[in-house]
Amino acid sequence: MPKKIKSKNKKCDKTVYKAHELRNDIVHTFPHAGAREMTVLSGPLAVSPGEKAAYRLTWPLNVGKRPKFKVRFVPKTRFEEFIQCSPDAPAVPPDFAKKFSAMRLKSAQKKEKVAIDDSQPGRWREGWQYLLQAEKAKKMPKSAAVEAIGFEFTASDEEGAYVFEVDSGFQPARPYEKKAPEIHWIEYVVVYNKPRTVFPAPGVEDIAELLVDAVNLSTKNGMIWFVHPIYFAEQLLRVRLSKETKQEIAYCEDLPHDLPAPDDRLVQLQWGRHLAGMRRICLESDGPEEPCVDKERMAVQVNNPIELATLLKEVV
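Residues numbered from 1 in each chain as written. Predicted model: local features only at pLDDT ≥ 70, side-chain atom pairs only at ≥ 80, totals over all residues. Heavy atoms only, no water.

Here's the deal with empty space enclosed by the protein
Inspection of every chain in the model, using the stated rule, returns five cavities of 30 Å³ or more. Lining the second largest cavity are 13 residues, and of these Val189, Val190, Lys220, Asn221 and Gln270 lie nearest its centre. Sorting the residues of the lining of the second largest cavity by element identifies strand E1 (26–32), strand E9 (182–193) and helix H6 (219–227) as the ones contributing at least two each. For the lining of the second largest cavity, the element with the highest residue contribution is E9, accounting for four residues. Considered class by class, the residues forming the lining of the second largest cavity number eight nonpolar, four polar and one charged. (1 Å grid on protein atoms, 1.4 Å probe; cavity = no way out; pocket = protein on both sides within 12 Å on 5 of 7 lines; lining within 4 Å. Points joined across faces, edges and corners; volume = space filled by probe spheres on them. Helix = DSSP H or I, 4+ residues; strand = E, 2+ residues; numbered from the N terminus. Nonpolar A, V, L, I, M, F, W, Y, C, P; charged D, E, K, R; others polar.)

Here we look at the sheet that holds strand E2 (residues 35–42)
Read across the open sheet, the five strands follow the order E1-E2-E4-E7-E6; overall the sheet is antiparallel. With partners counted over all chains shown, the strands left at the sheet margins are E1 and strand E6 (106–115), one partner each. Within this sheet the neighbouring strands show an average axis-to-axis angle of 30°, counted without direction. Bridge count for strand E4 (residues 52–60) against strand E7 (residues 143–154) is nine bridges, and the pairing is antiparallel. From the neighbouring strand, Lys52 faces E7, where its bridge partner is Thr154. Packed on one face of the sheet, helix H4 (residues 125–132) meets E1, E2, E4 and E7 and runs near 115° to E2. (Pairing = 2+ DSSP bridges. Axes fitted to C-alpha atoms, helices over the stretch in contact; angles between N-to-C directions. Contact = heavy atoms within 4.5 Å.)

As for the confidence of the model for the protein
Per-residue pLDDT for the protein averages 84, and the proportion of residues at 70 or more is 81%. No element of the protein has a lower mean pLDDT than helix H10 (residues 308–315), which averages 60, and none a higher one than strand E3 (residues 46–47), which averages 97. Under a pLDDT of 50 for its full length, residues 1–9 has, in the predicted model, 19 contacts with residues more than four places off or in other chains. (pLDDT = per-residue confidence, 0-100.)

Focus: the nonpolar core
Core analysis: the biggest nonpolar cluster contains 69 residues, and Tyr55, Phe164 and Phe232 have the highest contact counts within it. Every residue in contact with Phe164, bar those within four places of it in the chain, is listed here: Leu41, Tyr55, Lys70, Val71, Phe151, Phe153, Glu187, Tyr188, Val189 and Val191. The next biggest cluster of nonpolar side chains, apart from the first, holds ten residues, and it includes Ala35, Val63, Val114 and Ile116. (Core = buried A, V, L, I, M, F, W, Y, C linked by side-chain atoms within 4.5 Å. Buried < 20%, exposed > 50% of the residue type's maximum accessible area, 1.4 Å probe, protein only.)

Concerning the environment of Gln235
Relative to the helices and strands, Gln235 resides in helix H7 (residues 229–236). Once the C-alpha coordinates of Gln235 and Ala46 are considered, the two residues, 189 residues apart in sequence, prove to be 7.0 Å apart. With residues up to four places along the chain from it excluded, the contact list for Gln235 reads Tyr17, His20, Leu45 and Ala46. At a separation of 2.9 Å, a polar atom in the side chain of Gln235 contacts the side chain of Tyr17. (Polar contact = N/O pair within 3.5 Å; in protein donor to acceptor, adjacent residues only side chain to side chain.)

Side note on the state of the cysteines
The final tally for this structure, using the stated rule, is one disulfide. A disulfide bridge connects Cys85 with Cys282, and the sulfur atoms are separated by 2.1 Å. In this structure, the disulfide formed by Cys85 and Cys282 twists by about -90° around the S-S bond and is classed as left-handed. Pair noted here: Cys85 is in the loop between helix H2 (79–82) and helix H3 (96–99) and Cys282 is in the loop between helix H9 (263–271) and H10, with a separation of 197 residues, a long-range link. (Disulfide = S-S within 2.5 Å.)

Thoughts on the pairing of E1
Within E1, seven of the seven residues are buried, leaving the element largely enclosed by the surrounding structure. As defined by bridge partners, E1 adjoins E2 across five bridges and the pair is classed as antiparallel. In the sheet register, His28 faces E2, and the bridge partner there is Leu41. Between E1 and the antiparallel strand that follows it, E2, lie two residues; Ala33 among them carries a positive phi value of about 55°.

Remarks on the side chain of Thr39
Here Thr39 shows up in strand E2. Polar contacts involving the side chain of Thr39 include one to the side chain of His32, which spans 3.2 Å. In this structure, Thr39 is in contact with His28, Thr29, Phe30, Pro31, His32, Leu57, Thr58, Trp59, Pro60 and Pro67, ignoring residues within four places of it in sequence.

Points about the pattern of salt bridges
Note that side chains of opposite charge can pair when their charged atoms are close. Taken as a whole and judged by the stated rule, the model has 14 salt bridges. The closest approach of N and O atoms between Arg56 and Glu112, which form a salt bridge, is 3.0 Å. With Arg56 in strand E4 and Glu112 in strand E6, the pair connects residues that are 56 residues apart, well separated along the chain. Taking the shortest distance from any N to any O, the salt bridge between Arg72 and Glu165 comes out at 3.1 Å. In this pair, Arg72 sits in strand E5 (residues 68–75) while Glu165 sits in strand E8 (residues 160–172), placing the two residues 93 residues apart along the sequence. Arg72 sits in the buried class, given a relative accessible area of 4%. Given a relative accessible area of 14%, Glu165 falls into the buried group. If you follow the salt bridges from partner to partner, you end up with Arg78, Glu81, Asp95 and Lys99 in one network. (Salt bridge = Lys/Arg side-chain N within 4 Å of Asp/Glu carboxyl O.)

So, in structure tokens, the structure goes:
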């Protein structure tokens with residue numbers, strides 16, 4: 001396993017986090033040639049209408065097939081066609097590709113060297129040992145060759161979400177053993193497109209009004225919201241929260257003792273390729289709700305009661 005990141009705020013104000021600094025610009029990771037978290041999507045966690053957004057997809061050079069990727073935009077007015085709230089709901093609707101066409105992207109491809117140093121996904125020694133078949137080697141190389149595609153686009157003026165589809169091809173299923181059966185890994189990452197806002201704000205009675213759609217878009221969004229609503233609102237939705245709102249969220253009486261999640265756990269969830277143990281979380285919203293976790297209003301959740309610490313052991 002890679003080295004754990006040391007949290008800078010182990011005991012302290014639960015309203016403060018540093019995961020946005022620790023994430024190394026990483027949005028999500030994917031498997032490559034049988035090694036976990038070796039293909040890396042990097043870029044902003046959220047974009048604003050009219051803003052130019054730049055992303056990069058990086059993967060090991062000359063090891064396995066090149067991953068395929070597509071980007072589609074889902075306007076907020078069509079979220080109902082996209083969101084599916086049930087324990088076994090697929091990541092996207094079955095007719096997703098027909099309903100939402102892939103964007104045309106200008107891209108540039110180049111080869112690079114990265115340090116093998118356990119600092120972040122795509123660089124971990126364990127993965128490169130597997131890919132280079134260097135388990136018995138006395139020394140691992142200090143760097144490795146990767147290929148990177150950079151692409152950018154101007155975000156739509158309409159609020160909505162960009163859905164990144166990354167096809168890693170056939171990869172060994174868990175537990176990543178060499179002789180494990182292979183399955184087709186296609187994963188979807190959701191990046192919200194909305195104007196920067198603040199809360200409290202005129203006309204918005206509760207922060208849940210801002211969170212519900214974004215939480216319901218994907219398993220990962222729901223998971224990150226569940227473990228750290230402040231980080232979710234500020235980083236994935238670009239909603240700047242007041243100090244009072246953060247206090248209400250972080251110290252809500254109904255919140256489990258291990259929430260909000262510490263930075264070292266949170267950043268690994270941000271990287272996390274596959275969220276083991278957690279099914280899709282969806283929020284029901286007929287109006288204003290409490291700003292903290294309301295278990296009764298979760299349409300879908302894993303085993304109750306759930307201990308975050310236990311869950312995260314499965315995730316990382």
